Amino acid sequence: MSIVLAVVVVVLVVVGGSAFFVLRSKKPKAMEVGTETETKPALKSPAGAPSLEGEEAGSKEPVISRGLDGSLPKSRSLLGSALARMRAKRALGEEFWVELEEALILSDLGLDLSVDLVESVRNKVYKEGVTATDAALEMLREEMIERLDHSNRDLNLGDAPPSVVLFVGVNGVGKTTSIGKLAALLSSEGKKVVVAAGDTFRAAAAEQLEMWAQRSDVQVVKGASGADPASVVFDAISHGAAVGADFVLADTAGRLQNRQNLMDELKKIRRVAEKASGTVTEVLLVLDATTGQNGLLQAQGFAEAASVTGVILTKLDGTAKGGVAFAIEDKLHIPIKFVGLGEGILDLVPFDPKAFVYEITGEVSQ
Amino acid sequence: MFESLGGRLEDALSKIRGKARLSEADVELALREIRNALLEADVNLLVVRAITDRIREAAVGAMASRSLTPGQQVVKAVNDELINVLGGETFRITYESKPPTVILMAGLQGSGKTTTSAKLARYFKAQGRSPMLVGADLQRPAAVEQLKTLASQIQVPMFSEWTSPIEVAKAGVAEARRIGRDVVIIDTAGRLTVDAELMDEIAAISREVRPKYTFLVIDAMMGQDSVNTAKAFNDVLELDAIVLSKLDGDARGGAALSVKEVVGKPIAFASDGEKLDNFGPFHPDRMASRILGMGDVLTLIEQAERTMDEEVAERGAKKLMEGKFDLEDFLQQLRQVKKMGSLKGMLSMLPGVPKELRDVEIDDAELGKIEAMISSMTKKERSDPSIIDASRRARIAAGSGTTSANVSALIKQFKEMQKMMRSMGIGPASATKRRPKPRPSKKGRKNRR
Ligand SMILES: Nc1nc2c(ncn2[C@@H]2O[C@H](COP(=O)(O)OP(=O)(O)OP(=O)(O)O)[C@@H](O)[C@H]2O)c(=O)[nH]1
Ligand SMILES: [Mg+2]
């Protein structure tokens, strides 16, 4: 027990206790009570706080739409026009570099990495005396592809089948869907696949996985709702071994990496899975392409709890670029293995660094 | 989750705060750091630019005014700006005079619509309404099943059928009218903004059922794309408000700021946990003050009010003030506090908590151990821990599945804590300085929910 803990408890008691004192005496005004003296005026927002009808608010109209002639460009077209402007420029001015950096930031690569990449290309451009913008852009792409070049993106196989693949990640990123797609992909290659309904927490999670299993005609092993996920996974692996499966793909409930108890549960799932008669060859972190810099924390958290071996980057069919996956691979050396490009059963493809980099840096310049 | 953004802004501003004279370069430097802090927090680049431009304008004004404390004024400009972006009134729901009040839920895949729909239904039920859920997500496997399960957990009727999303929505509203439900929440399939067909579909649903409110569910972990998403949904649907999901994560939540700025619609509700009651109205001013390091005591108090047993909490506070707070009280309070949520989360809402303390890893499982140890003590030991000798210690350790060392540590730390409390002015010495205890009045009691 730490002293901090005790202090917090006591402070909370005081807060709670005094809240009741105060609330009792003047409940209807409860909202105004706890604010205490001088913070209140500061909290009042200035007169023009956005009203419900943003459009009618006149000068308070959202700045972005105003600034960009009424229509906010998709990041794609924004990037497109930025790039068009870049190309139009003859010399490699400061503005070019700023725009390049911003294009990277808009793709969620993160500030540090974006600055770092541009800096590095800038040095090279200077050294090699390059003066054309499209050549500089090409150098950026090379640099990015180069950084992605060292990874093994194949699905690892174990010596003792079945090869067990755990799917982990925060809520709603596409774990279950990706299992459905990967099961289909592996089946189409003639592999025998069993899926494990290791999400015993979320309502109808097992049903969802079952429907995917039907689509690709693979067996599913599930437990009761609320059952211990580790034992469901264990059972599935044992079943997989018994029926001579090549792969067991195990679903897990979505969890936020800052929830220690849930991360402990994940550790246990991995530990128990390792005791079963297969080999845990992959722990795939499923990452939603719309995720911002929190993706790095997700990767760290899950890597720590379950030794993540690869990333599946989902929802790349939308407007988000998924740049944080680049940052994850660059910083944490966790390779992106597959990408999700839709909700259909065929919409999972092996990761292609070149295509990814070209998406991030805009359409190919002539 | 916004704390770290607050910390970064604080750093950026500390350099100019006390300056008696500000050069343009000083301001630019501070603005640069503010920009970086916002970008690292996932605020959209274009929104960052808009925000820093407005701050620059205010700062230039401050410099021109030859004020004695230009640094302070810039700090104030930043504060005002943030409150302005996030700020505004707490969203208020009004109900259709001719029920039902229809609410349409929209969002990307995986943003949390289904769970949020159920949480909303639970919320309305708690407000004394009679909500109904409509499952119009016929796309994702088992989405309807999921909603059905959640609906039965909160005992709210749920409607769906295997026709088409538009038909389901229409029939759902009709059904609600027929069975006399006054709020209808329509869950829809997640869709990408580039999917013209599905965007048309939700627009058609909206035209068909004419919702009183259309809510866009946004994941708090979202990055730069938040702006595209919000704008695109707002274009086809005329959103009324945003619902933030997964606020219990450790994302810095720039998406909230971005979306607010770009569509100019308020954040009405926020979700901060997987349980169906981890949900409530979003208070922009409180969130702004949390970013600015002023804590969020109001939310904390509300949480306390919702979950704690009034009598017990009151007794604890009284004992504390009187300096008679012993391990028995501690145990009781611990059980109360545990119900409120994670300690770390609560800590972040307290004002004036130093950064070091905020960053400390707090394992809530520790609480269980402490509870076990105190539970294994006798009444007498709890009120006077000094009687606990080696043999008693061994007994307590055995009874609670801990070690003697754990027990000594607990006792030692409890003593330290008492000392610390005293030095913080909690206890009899300073009791006179605290606000007088209002006598619980009958009226106050009645007004409490
Ligand atoms: N457009 C698109 N949608 C996807 C993709 N992958 C998953 N989805 C959708 O994202 C939503 C969430 O997917 P799930 O597979 O349920 O996600 P999950 O991680 O299993 O979610 P939880 O188990 O609830 O944590 C569903 O609507 C999927 O159809 C993708 O690559 N592209
Ligand atoms: Mg799932």
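Residues numbered from 1 in each chain as written. Chains lettered and ligands numbered in written order. Predicted model: local features only at pLDDT ≥ 70, side-chain atom pairs only at ≥ 80, totals over all residues. Heavy atoms only, no water.

The name given to chain B in an unreviewed UniProt entry is Signal recognition particle protein, with Ferrithrix thermotolerans DSM 19514 as the source organism. Per UniProt, chain B has the following entry under Subcellular location (unreviewed entry): "Cytoplasm". UniProt, in its Subunit (unreviewed entry) section for chain B, records the words "Part of the signal recognition particle protein translocation system, which is composed of SRP and FtsY." (UniProt positions renumbered as here; feature names shortened; annotations may be inferred.)

Taking an unreviewed UniProt entry as the reference, chain A is identified by name as Signal recognition particle receptor FtsY belonging to Ferrithrix thermotolerans DSM 19514. UniProt annotates chain A under Sequence similarities (unreviewed entry) with the comment "Belongs to the GTP-binding SRP family. FtsY subfamily." On record in UniProt, under Function (unreviewed entry), the comment for chain A is "Involved in targeting and insertion of nascent membrane proteins into the cytoplasmic membrane. Acts as a receptor for the complex formed by the signal recognition particle (SRP) and the ribosome-nascent chain (RNC)."

A. Broad picture of the overall build of chain B. Of the regular secondary structure elements, chain B holds 21 helices and 8 strands. The 449 residues of chain B split such that 56% are buried. Excluding contacts between residues fewer than 6 apart, the proportion of contacts in chain B whose partners are at least 24 apart in sequence is 73%. Surface exposure of chain B reaches about 19,200 Å², of which carbon and sulfur atoms provide 49%. (Helix = DSSP H or I, 4+ residues; strand = E, 2+ residues; numbered from the N terminus. Buried < 20%, exposed > 50% of the residue type's maximum accessible area, 1.4 Å probe, protein only. Contact = heavy atoms within 4.5 Å. Areas by Shrake-Rupley, 256 points an atom, 1.4 Å probe, with all protein chains shown as cover.)

B. Focus on the sheet that holds strand β8 (residues 279–281) of chain B. All names here are of chain B. Taken in spatial order, the 8 strands line up as β3-β2-β4-β1-β5-β6-β7-β8 in an open sheet, and their pairing is mixed. Two strands close off the open sheet at either side, each with one partner strand: β3 (158–159) and β8. Alignment of strand β1 (residues 101–107) against strand β4 (residues 183–188), held across 4 bridges, turns out to be parallel. Its bridge partner being in β4, Val-102 is matched across the sheet by Val-184. Packed on one face of the sheet, helix α7 (residues 165–179) meets β1, β2 (131–136), β3 and β4 and runs near 160 degrees to β2. Across the sheet, helix α8 (residues 196–209) lies against β1 and β4, angled at about 175 degrees from β1, the strand it touches most. (Pairing = 2+ DSSP bridges. Axes fitted to C-alpha atoms, helices over the stretch in contact; angles between N-to-C directions.)

C. Quick look at the UniProt feature "domain: SRP54-type proteins GTP-binding" (unreviewed entry) in chain A. Cross-referencing UniProt, the feature "domain: SRP54-type proteins GTP-binding" (unreviewed entry) maps to residues 335–348 of chain A in the present numbering. The annotated region residues 335–348 of chain A carries 0% helix and 43% strand content, and the separation between its end C-alpha atoms amounts to 16 Å.

D. Examining empty space enclosed by the protein more closely. Within this structure, the stated rule accounts for 6 cavities of 30 Å³ or more. As a volume, the largest cavity reaches approximately 80 Å³. Taken together, Asp288(A), Thr290(A), Leu108(B), Gln109(B), Gly110(B), Ser111(B), Val217(B), Ile218(B), Asp219(B), Met222(B) and Thr229(B) make up the lining of the largest cavity. Classifying every residue of the lining of the largest cavity by side-chain character gives 4 nonpolar, 5 polar and 2 charged. Space inside the second largest cavity adds up to approximately 70 Å³. Along the wall of the second largest cavity there are 13 residues; nearest its centre are Val173(A), Asp288(A), Thr291(A), Asp219(B) and Met221(B). Across the lining of the second largest cavity, the residue classes break down as 4 nonpolar, 6 polar and 3 charged. (1 Å grid on protein atoms, 1.4 Å probe; cavity = no way out; pocket = protein on both sides within 12 Å on 5 of 7 lines; lining within 4 Å. Points joined across faces, edges and corners; volume = space filled by probe spheres on them. Nonpolar A, V, L, I, M, F, W, Y, C, P; charged D, E, K, R; others polar.)

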